[in-house]
Amino acid sequence: MLKFAASLALSTILLAIPVSAATAGQKISNDLSRCKSGNGPAVLVNISGVKASSGKIRVQSYRGTKDEWLKKGAWINRIEAPAKSDTMTFCVPVPTSGTYGIAVRHDVNGNGKTDISSDGGGMSNNPSISIFNLGKPNYKKTKFTVGNEVKSISIKMKYL
């Protein structure tokens, strides 16, 4: 009986997990063909100001909600690619029409760690980032709406 109760409790917990958690965490390739007209919903992310052709650029999509924006493990899709100085373009598919946010990180030396003195970053809507918000602006400043189309956004990288 105890095993049944524990199994039932686990099943209830798993059913209570939001759908977004079930779809979180896909690592995908940068397939620009997914952002051709008529292939939505997706976000065409144009990144400018990449300071060096070293390390990796990581682009992550999140739901544009307080509960999920920049929360560890809450990202929907992640694309990593070798950095190319100046500009880069990524296509980030999203599961359905809705509200999203995009975060970009440049790991300049490719060590997989955040090096405050050299790494850079940027976010959808290019919010100001300061020591007071510790580089994590409120989701309201970064969210945008995607319908069934391909939404184009521009992100300017920021470095110290």
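Residues numbered from 1 in each chain as written. Predicted model: local features only at pLDDT ≥ 70, side-chain atom pairs only at ≥ 80, totals over all residues. Heavy atoms only, no water.

Undergrad: With reference to specific residues and values, describe the state of the cysteines.
TA: Among covalent bonds in proteins, the disulfide is the one between the sulfur atoms of two cysteines. Inspection of the entire model under this criterion finds one disulfide. Here C35 pairs with C91 through a disulfide, and the sulfurs are 2.1 Å apart. Between C35 and C91, the S-S torsion sits near 85°, and that sign places the bridge as right-handed. Taken together, the residues C35 in the loop between strand 1 (26–27) and strand 2 (42–50) and C91 in strand 5 (residues 86–93) connect sequence positions 56 residues apart. The exposure class of C35 is buried, given its relative accessible area of 11%. By relative accessible area, C91 is classed as buried at 1%. (Disulfide = S-S within 2.5 Å. Helix = DSSP H or I, 4+ residues; strand = E, 2+ residues; numbered from the N terminus. Buried < 20%, exposed > 50% of the residue type's maximum accessible area, 1.4 Å probe, protein only.)

Undergrad: Can you break down the pattern of salt bridges residue by residue, with the values?
TA: Counted under the stated rule, the structure contains three salt bridges. The partner of R63 in a salt bridge is E68, with the nearest N and O atoms 4.0 Å apart. A single burial state applies to R63 and to E68, both of which are buried. With a shortest N-O distance of 3.7 Å, R105 and D119 are connected by a salt bridge. (Salt bridge = Lys/Arg side-chain N within 4 Å of Asp/Glu carboxyl O.)

Undergrad: Any details on unusual backbone geometry? Residues and values, ideally.
TA: Excluding glycine, most residues fall at negative phi; most peptide bonds, likewise, are trans. The step from G40 to P41 runs through a cis peptide bond, and the omega angle for that step is 0°. Despite not being glycine, D86 shows a phi value in the positive range, around 85°. Here D86 is to be found in strand 5. Classification of D86 as partly exposed rests on a relative accessible area of 49%.

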